[in-house]
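Here's the letter readout for the chains.
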Amino acid sequence: MWLTDGRRSLLLLQGERIARVEAGKRGLFVEALTPGLQDAHAHPLYWGVALRGLDLSGLKDPEAVAREVARKAQKLPPGAWVEGQGFLFASPPPPGLLDRAAPEHPVFLRSRDLHSAWINRRAAERAGLNPHTLPPEGGGFLRDGEGVPYYLLERAQELLAPHLPPPSPEDLARGLWDFARRGYTALHAMGYEPPEALDWALGMELPVRLWWALPRGAWAGRRPGWYGELHLAGVKFFADGALGSRTAWMHAPYPDGTFGMPLDALEAIREEGERALRAGFTLAVHAIGTRAVEGVLGVFRDLAPLARERGRTLRMEHVQHVRDEALPLFPGLPLALSLQPLHLLLDQALVRAYGLPVKEAFRFRSLKATGLPLAFGSDAPVAPPEYAQNLEAALHHPLNPEEGLSEEEVLWAHALGASLAAGWADYGRIAPGARADLTLWEGKRPVGRVYRGNLEIF
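Criteria and cut-off values
Residues numbered from 1 in each chain as written. Predicted model: local features only at pLDDT ≥ 70, side-chain atom pairs only at ≥ 80, totals over all residues. Heavy atoms only, no water. Helix = DSSP H or I, 4+ residues; strand = E, 2+ residues; numbered from the N terminus. Rg over C-alpha atoms; globule rule 2.2 N^0.38 Å. Buried < 20%, exposed > 50% of the residue type's maximum accessible area, 1.4 Å probe, protein only. Contact = heavy atoms within 4.5 Å. Areas by Shrake-Rupley, 256 points an atom, 1.4 Å probe, with all protein chains shown as cover. Pairing = 2+ DSSP bridges. Patch = residues over 30% accessible without salt bridge, like charges linked within 9 Å, V, L, I, M, F, W, Y side chains within 5 Å. Salt bridge = Lys/Arg side-chain N within 4 Å of Asp/Glu carboxyl O. Axes fitted to C-alpha atoms, helices over the stretch in contact; angles between N-to-C directions. Parallel < 35°, antiparallel > 145°, perpendicular 65-115°, else oblique. Polar contact = N/O pair within 3.5 Å; in protein donor to acceptor, adjacent residues only side chain to side chain. Core = buried A, V, L, I, M, F, W, Y, C linked by side-chain atoms within 4.5 Å.

**Q** What should I look at first to understand the overall build of the chain in this one?
**A** Along the backbone of the chain there are 13 helices and 23 strands. The globule rule puts the C-alpha radius of gyration for 458 residues at 23 Å, and the 22 Å found for the chain is close to it. In terms of overall dimensions, the chain has C-alpha extents of about 70 × 50 × 45 Å along its principal axes. When the 458 residues of the chain are sorted by exposure, 59% land in the buried category. Long-range pairs, those at least 24 residues apart, make up 69% of the contacts in the chain between residues at least 6 apart in sequence. Of the roughly 17,700 Å² of accessible surface on the chain, a fraction of 52% belongs to carbon and sulfur atoms.

**Q** Any chance you could explain the pairing of strand 2 (residues 10-14) here in plain terms?
**A** Residues in a regular strand project their side chains so that they alternate between the two faces of the sheet. Counting buried residues along strand 2, 4 of its 5 residues qualify, which places the element largely inside the surrounding structure. As paired elements, strand 1 (residues 2-4) and strand 2 share 3 bridges and run antiparallel to each other. Residue pairing in the sheet places Leu3 in a bridge with Leu11 of strand 2. Counting the residues in the hairpin turn of strand 2 and strand 3 (residues 17-22) gives 2 residues, including Gly15, whose phi is positive at 65 degrees.

**Q** What should I look at first to understand a nonpolar patch on the surface in this one?
**A** Taken together, Met1, Leu28, Leu455 and Ile457 make up a surface patch of nonpolar side chains, about 330 Å² in accessible area. Mapped onto the elements, Ile457 comes out in strand 23 (residues 454-457).

**Q** Would you mind going over the packing of helix 1 (residues 44-52) against helix 5 (residues 169-181) with me for this structure?
**A** Helix-helix packing is described using two parameters, namely the angle between the two axes and the distance between the axes. The contact between helix 1 and helix 5 brings their axes to 7 Å, and the two run at 95 degrees. Regarding the angle of helix 1 to helix 5, the classification is roughly perpendicular. Only Asp171, Leu172, Arg174, Gly175, Leu176, Asp178 and Phe179 of helix 5 make contact with helix 1, whose side of the interface consists of Pro44, Leu45, Trp47, Gly48, Val49, Leu51 and Arg52.

**Q** Would you take a moment to explain the side chain of Asp437 for this structure?
**A** For Asp437, the position within the fold is in the loop between helix 13 (416-422) and strand 21 (438-442). At 2.6 Å, the side chain of Asp437 and the side chain of Arg209 are in polar contact. Setting aside chain neighbours within four positions, we find Asp437 in contact with Thr34, Pro35, Gly36, Thr185, Arg209, Tyr427, Val450, Tyr451 and Arg452.

**Q** Would you mind going over the environment of Pro149 with me for this structure?
**A** Among the structural elements, Pro149 can be located in strand 12 (residues 149-154). The class for Pro149 is buried, based on a relative accessible area of 1%. Distance in space between the C-alpha atoms of Pro149 and Gln14 is 59 Å, their sequence separation being 135 residues.

**Q** What is the right way to read the nonpolar core from this model?
**A** Nonpolar side chains in soluble globular proteins tend to end up buried together. In terms of nonpolar packing, the biggest core is built from 87 residues, with Trp212, Phe300, Met316, Phe330, Leu335 and Leu337 touching the most fellow members. At 10 residues, helix 8 (residues 290-310) tops the list of elements feeding residues into this core. Beyond its immediate chain neighbours, meaning those up to four positions away, Trp212 contacts Ala189, Glu193, Ala197, Leu198, Ala201, Leu230, His231, Leu232, Ala233 and Gly234. Core analysis: the next-biggest nonpolar cluster, separate from the first, contains 19 residues, Leu56, Ala102, Val107 and Leu109 among them.

**Q** Please clarify how the pairing of strand 9 (residues 107-111) should be interpreted in this entry.
**A** Judged by how many residues are buried, strand 9 sits mostly within the fold: 5 of 5 residues are covered. Neither face of strand 9 is left uncovered, since the one carrying Val107, Leu109 and Ser111 and the one carrying Phe108 and Arg110 both have all their residues buried. Both strand 8 (residues 82-87) and strand 9 contribute to a ladder of 5 bridges, which runs parallel. The residue of strand 9 that forms the bridge with Gly84 is Leu109. Note that strand 9 and strand 10 (residues 116-119) share 3 bridges and pair antiparallel. Paired with Leu109 across the bridge in strand 10 is Trp118. With antiparallel pairing between neighbouring strands as the criterion, strand 9 and strand 10 make up a hairpin whose turn holds 4 residues, including Leu114 at a positive phi of roughly 70 degrees.

**Q** Even after reading the chapter, I still don't get the pattern of salt bridges, so can you show me in this structure?
**A** Oppositely charged side chains can form a pair if their charged atoms are brought close together. Taken as a whole, this structure holds 35 salt bridges when the rule is applied. The closest approach of N and O atoms between Asp347 and Arg112, which form a salt bridge, is 2.3 Å. Highlighted residues: Asp347 in helix 9 (residues 344-354) and Arg112 in the loop between strand 9 and strand 10, separated in sequence by 235 residues. Of the two residues, Asp347 and Arg112, both sit in the buried class. Where Arg365 meets Glu409, a salt bridge forms, and the shortest distance between an N and an O atom there is 2.8 Å. Of the two residues, Arg365 sits in helix 10 (residues 364-368) while Glu409 sits in helix 12 (residues 407-414), which places them 44 residues apart along the sequence. Here Arg365 falls in the partly exposed class, since its relative accessible area comes to 30%. Judged by relative accessible area, Glu409 falls into the buried class, the value being 19%. One salt-bridge network, held together by shared partners, links Glu16, Arg209, Glu229, Arg435, Asp437 and Arg452.

Laid out in structure tokens, this is it:
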């Protein structure tokens, strides 16, 4: 099969490989041909769940969210769960609001960053939460006037999980197919899914190639490697929380005087990380705040010799706030930096509202200058997997224009940069012998793709 953009690239595809690259015009014409888009950080199971739930994206007023909940509850039988996600509040919502909106329904709403959840009294009763309930390690509560938890931070959400309608293989398939229809050919599933989701993925025909990380503590007995189109490769850790929930671990304080919340202890990451590396996995560590970033860099310095010996590229996920003094600590590490520029479009308001150092936020250009590969993704369902939003945020940095990138650099981070982060040597390039995963474009939007030797036009 011949494909051409009529200007620079004429490709001959044979099976799943690029056989020839030359100049010319013949075969199927498209406006632009690029290596296949990859989302380097996503949660496809929960993106599939979000696609069937209450979409609260962009809502910043608790009253507006409560109105949406009330409308949804009117359509459901009493006792049915109202689930949703996507709100982003500058401060926690008041207690009692969801009780009035849905008095006959348990309500569970996740914030946009998934690091906090707002529930009503019915949901607390279902989960057995009362004034005497203590939060788990790595979690916290806000309580109503009677002491009952109504706002759950970080791992306190796990107390609700057994009582919610469980996610299903159909949710995973829904999420994966949505990525495929947006022009993606691969995504990196980042260890938020329950361990059984891996078995669901292994049992289905995948519409995208998957790089898969298992949650911390869930990888024992699993063998890393390729299983068809799925690469079981990583173990996921959380060094801290998120900015919107004020649990990102910072040096500068939030307005309430707190500094965020470390989750997995650094020593625990180091110890279990060493065992995972020796078993053939790599590590993907969530680090958003400045303290988390620097703490994880220290762990990675200690583990770097073993990672090199095992031929593994370590990963730091998000890398959202970085101090000047931390930048010299990155170069030379066997490390890829996985970022989500589109979060800047909403988080810029939080950075200003919290009074955090603007210069330290979303340092795309400074991190690129470390010489380490950048890999871009969406963190769906935290944000929709919209390539155009990543491009807009990175191209026109609203906080620090000098930290912006070019269109070519953004595409690189979604293609070759993502491949380097995944350890995929023959992906992310247009060259003879490379894997023929391609995205086709018109009007700067994906209109098709080539995946596993098949041409798909949307």
